[in-house]
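The residues making up each chain are set out below.
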Amino acid sequence: MAALAGLLFVALSIKIDVIRQVPRWRTRAFGNIFAFVGLLIESALVMMPQPSAWLALEIIVLNAFLLLFVPVRAVIDLWRQHDPIPLPRMLTGMALWSLGALGGFSLLIGAGGGMYLVAGAFLGLIWLGVLNAWSFITVDDV
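Residues numbered from 1 in each chain as written. Predicted model: local features only at pLDDT ≥ 70, side-chain atom pairs only at ≥ 80, totals over all residues. Heavy atoms only, no water.

1. Observations regarding the packing of aromatic side chains
On inspection of all chains with the given rule, the structure shows five aromatic pairs. Both rings, one in Phe-30 and one in Phe-34, keep their centres 5.2 Å apart while their planes meet at 35 degrees; by these two values the pair is tilted. Pair noted here: Phe-30 and Phe-34 are both in helix H3 (residues 23–47), with a separation of four residues, about one helical turn. A residue is classified by how much of its surface remains accessible, and Phe-30, at 26% relative accessible area, is partly exposed. A centroid spacing of 5.3 Å and a plane angle of 10 degrees characterise the contact between Phe-65 and Phe-69, whose relative ring orientation is stacked. Here Phe-65 pairs with Phe-69, and both are found in helix H4 (residues 52–81), just four residues apart, close to one helical turn. By relative accessible area, Phe-65 is classed as partly exposed at 43%. The class for Phe-69 is partly exposed, based on a relative accessible area of 29%. Taken together, the aromatic side chains of Phe-30, Phe-34, Phe-65 and Phe-69 make up a single cluster linked through ring pairs. Against the face of Phe-30 rests Arg-73, its NZ or CZ located 3.7 Å from the ring centre. (Phe/Tyr/Trp six-rings, centres within 6.5 Å; stacked < 30°, edge-to-face > 60°. Helix = DSSP H or I, 4+ residues; strand = E, 2+ residues; numbered from the N terminus. Buried < 20%, exposed > 50% of the residue type's maximum accessible area, 1.4 Å probe, protein only. Lys NZ or Arg CZ within 6 Å of the ring centre and 35° of its normal.)

And the structure:
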């Protein structure tokens, strides 16, 4: 996960002049970095030895925070700049953070998919982050 976050930083630094000029690119870059840091934290939580109830609560809180913070900040930022809101990517990310929180809840009650849901959300968010990183690399102008 840390390697992917590093690659994102490389992709951003290659095109920093273009990204800095366009509000939607700045917002997407912030959201992507925040998402990768969140995934890095989540992977650390999963690797730590602890009771499953604690892990479940940590996963729920982290996913709920990221579900609310990243999209709300993006909408406010884009609205202030009068820039269109990228609904497909934003809704996909929100659905995946929700799936992660649902997986934590499932783990807490001991029924349903549990960590399979968390893993599915994790992998989906990595895919979305890589898609965003690719869009940073391929952007040519404003």
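Text resumes after the structure shown.
2. Some words on the packing of H3 against H4
It is at 10 Å that the axes of H3 and H4 come closest, and there the two elements cross at 175 degrees. When the axes of H3 and H4 are compared, the pair comes out roughly antiparallel. Of the residues that constitute the contact of H3 with H4, the class distribution is 15 nonpolar, five polar and six charged. (Axes fitted to C-alpha atoms, helices over the stretch in contact; angles between N-to-C directions. Parallel < 35°, antiparallel > 145°, perpendicular 65-115°, else oblique. Nonpolar A, V, L, I, M, F, W, Y, C, P; charged D, E, K, R; others polar.)

3. Side note on H4
Helix length check: H4, at 30 residues, gives a terminal C-alpha distance of 43 Å against a target of 44 Å (1.5 Å per residue), a fit within 8%. In this structure, the buried residues of H4 make contact with H3, helix H5 (87–109) and helix H6 (115–138). The positive-phi residue at the C-terminal boundary of H4 is His-82, with phi of around 55 degrees. (Expected span 1.5 Å × (residues − 1). Contact = heavy atoms within 4.5 Å.)

4. Quick notes on the packing of H3 against H6
One way to put it is that H3 packs onto H6 with a least axis distance of 10 Å and a crossing angle of 150 degrees. Crossing handedness for the pair H3 and H6: left-handed. Along the contact surface, H3 presents Trp-25, Arg-28, Ala-29, Asn-32, Phe-36, Leu-39, Glu-42, Ser-43 and Val-46, while H6 presents Met-115, Val-118, Phe-122, Leu-125, Ile-126, Leu-128, Gly-129, Val-130, Asn-132, Ala-133, Ser-135 and Phe-136. Considered class by class, the residues forming the contact of H3 with H6 number 14 nonpolar, five polar and two charged. (Left-handed = near helix turned anticlockwise from the far one by under 90°.)

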